[in-house]
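Examining the three-dimensional arrangement
Each chain, written out:
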Amino acid sequence: MIPTGQFGAELHRLGFDFYTGVPCSYLKDLINYAINDCEYIGAANEGDAVAIAAGASLAGKKPVVLMQNSGLGNAVSPLTSLVHPFQFPLLGFVSLRGEPGIPDEPQHELMGQITTSMLDLMQIEWHYLSLDWGEAGRQLQHAVRVMDLNRPFFFVVRKGTFDRQELRKQDSIPLSNRTVRGKQRSDQLPSRYEALSLLHAQRNSSSIYLATTGKTGRELYDLTDHAGNFYMVGSMGCVGSIGLGLALSQLQKEIVVIDGDGALLMRMGALATIGRYGPSNLLHILLDNNAHDSTGGQKTVSNHLDFVQIASACGYARSLYIHDLNELEDAVREWRNAPSLTFIQLKITTGSKVPLGRPSIRPFEVKERLMLYIT
Ligand SMILES: Cc1ncc(C[n+]2csc(CCOP(=O)(O)OP(=O)(O)O)c2C)c(N)n1
């Protein structure tokens, strides 16, 4: 067995002090260590955890992601379309429930057989974490060398790898007073491009803009390619989680997340995580065209629910329905003057700028440039 405290201390010495994930009983002792002694962000699902870790990595942290192998499937999209193209050096621990030859529950049987093949398919280097403490330390050194090449590295963790760590404390933060302002009149319905132009005009030297998948990123790039922009080409639904990891790790920066209704619906659990950890330097803007506009305008269900109420119920300090661009400008200014975790919903028209190109700068160059800009 590995002495969990010593292992965690070694991770800490190597610079790993930011953890995120979803629990597994095989990993609980390492998670308990992380909760006790480091920063641990409990994610709603494993894909969100990968995105939160990527955000922390943008801020210069060395993040650790913890998950059960049953959640590896939840993480495939961000592992393949965020971590891979942007070259994020994450350290992952994935448990091996359903290991062939070890009795386990039926729901783990197939995933136990294919976990390492899935990592291979995703071109993620991995090792079985050794039960020998000396060997595990050497494996960690190797993982760090892989990550120095801007690549992820995963440990596959078998049953009984870590020795016992008691959970000492778990903060629970009561929901504080929240401001909610819903729809009061008809909407102006600007275009996405007009909304982005206004946001772009309002940026200052500490603003970081994270744009969701599809035409939002493409239009933001078309407006002006800025070192403080992150065009999230893949990993649909992950922009809020990236913003959370970044905002928690770079408190002096203003993190503006620009989301789409399709994307937000895809990973709505992230609202709860963002609301719980509540970074005041995060502004979450939803440009809601009630459609998957980037893929042809197919309707989403966004008109059937109240995002402003949902964000507020998830713990956002301010949650505002914005009717027009003037209100958007005011809301950004108010957030800047008195920062608190804020959600803004603005209804926009469908359609985009024509013609519209795509970022010619490659994803990992966007990441490297943003990291330099942040420091
Ligand atoms: C996981 C995943 N599923 C589907 C897609 C394809 N896709 C790219 S953009 C997009 C629509 C996004 O809709 P929304 O967030 O509402 O933004 P809009 O296009 O309306 O600006 C879809 C479905 C994808 N990139 N990733």
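Up top is the structure these notes are about.
Residues numbered from 1 in each chain as written. Predicted model: local features only at pLDDT ≥ 70, side-chain atom pairs only at ≥ 80, totals over all residues. Heavy atoms only, no water.

So, about the environment of Arg-168. Within the secondary structure layout, Arg-168 lies in the loop between β6 (153-157) and β7 (179-181). Judged by its relative accessible area of 58%, Arg-168 is exposed. Residues Arg-168 and Glu-219 lie 51 residues apart in sequence; the distance between their C-alpha atoms is 48 Å. In terms of polar contacts, Arg-168 uses its side chain to reach the side chain of Asp-37, at 2.8 Å. (Helix = DSSP H or I, 4+ residues; strand = E, 2+ residues; numbered from the N terminus. Buried < 20%, exposed > 50% of the residue type's maximum accessible area, 1.4 Å probe, protein only. Polar contact = N/O pair within 3.5 Å; in protein donor to acceptor, adjacent residues only side chain to side chain.)

We now examine the nonpolar core. Counting 84 residues, the largest nonpolar core has Leu-79, Leu-82, Phe-88, Leu-119, Leu-210, Phe-230 and Leu-328 as the members making the most contacts within it. Element by element, the count of residues in this core is highest for helix α3 (residues 46-58), at eight residues. In contact with Leu-210, other than residues within four places in its own chain, are Phe-230, Val-239, Ile-242, Gly-243, Leu-246, Ile-255, Val-256, Val-257 and Ile-258. (Core = buried A, V, L, I, M, F, W, Y, C linked by side-chain atoms within 4.5 Å. Contact = heavy atoms within 4.5 Å.)

What follows covers the packing of aromatic side chains. On inspection of all chains with the given rule, the structure shows 10 aromatic pairs. Judged by centre distance (5.9 Å) and plane angle (80°), the rings of Phe-7 and Phe-93 are edge-to-face. Of this pair, Phe-7 sits in helix α1 (residues 4-13) while Phe-93 sits in strand β4 (residues 91-95), and the two are 86 residues apart along the sequence. Its relative accessible area of 0% is what places Phe-7 among the buried residues. Above the ring of Phe-16, the side-chain terminus of Lys-62 is found at 5.3 Å from the ring centroid. (Phe/Tyr/Trp six-rings, centres within 6.5 Å; stacked < 30°, edge-to-face > 60°. Lys NZ or Arg CZ within 6 Å of the ring centre and 35° of its normal.)

Turning next to unusual backbone geometry. Cis rather than trans, the peptide bond between Val-354 and Pro-355 has omega equal to -10°. A positive phi is found at Ser-235, a non-glycine position, where the angle reads about 40°.

Looking now at the pairing of strand β3 (residues 63-67). Where burial is concerned, most of β3 is hidden: five out of the five residues are buried. Here strand β1 (residues 18-21) runs beside β3; their pairing, made up of four bridges, is parallel. Note on β3: the bridge partner recorded for Gly-21 is Leu-66. Bridge analysis of β3 against β4 gives four bridges, and the strand direction is parallel. Following the sheet pairing, Val-64 is matched in β4 by Leu-91. A crossover links β3 with its parallel partner β4, the connecting element being helix α4 (residues 76-86), and its sense is right-handed. (Pairing = 2+ DSSP bridges. Right-handed = clockwise from strand over helix to strand, strands pointing away.)

A few words on the site of the ligand. Near the ligand lie 15 residues; those nearest to it are Arg-192, Gly-262, Ala-263, Ala-291 and Ser-294. Arg-192 places a polar side-chain atom, nitrogen or oxygen, 2.9 Å from an oxygen atom of the ligand. Here an oxygen atom of the ligand sits 2.8 Å away from a polar atom, N or O, in the main chain of Ala-291. If the ligand stood free it would expose 590 Å²; the protein chains cover 75% of that surface. Sorting the residues of the shell around the ligand by element identifies α10 (261-266) and β12 (291-292) as the ones contributing at least two each. With four residues, α10 is the largest single contributor of residues to the shell around the ligand. Tallied by class, residues from the shell around the ligand come to four nonpolar, eight polar and three charged. (Near = heavy atom within 4 Å. Areas by Shrake-Rupley, 256 points an atom, 1.4 Å probe, with all protein chains shown as cover. Nonpolar A, V, L, I, M, F, W, Y, C, P; charged D, E, K, R; others polar.)

Here we take up the pattern of salt bridges. According to the stated counting rule, one finds 22 salt bridges in the structure shown. The partner of Arg-267 in a salt bridge is Asp-48, with the nearest N and O atoms 3.2 Å apart. On the criterion of sequence distance, the pair formed by Arg-267 in the loop between α10 and α11 (269-277) and Asp-48 in helix α3 is long-range, its members being 219 residues apart. For the residue pair Arg-267 and Asp-48, the accessibility class agrees, reading buried in each case. Through salt bridges with shared partners, a single network forms among Arg-185, Asp-324 and Glu-327. (Salt bridge = Lys/Arg side-chain N within 4 Å of Asp/Glu carboxyl O.)

A few words on the sheet that holds strand β10 (residues 254-260). In space, the seven strands of this open sheet follow the order β7-β14-β15-β11-β10-β8-β9, with parallel pairing throughout. In this open sheet, the two strands that pair with only one neighbour each are β7 and β9 (229-231). Averaged over all neighbouring strand pairs, the angle between strand axes comes to 15°, with direction disregarded. For strand β8 (residues 207-211) and β9, the ladder comprises three bridges, and the chain directions are parallel. Looking at β9, one finds that Ala-211 is bridged to Tyr-231. Strands in contact with helix α9 (residues 239-249) are β8, β9, β10 and β11 (282-288); relative to β10, the strand with the most contacts, it is inclined by about 170°. (Axes fitted to C-alpha atoms, helices over the stretch in contact; angles between N-to-C directions.)

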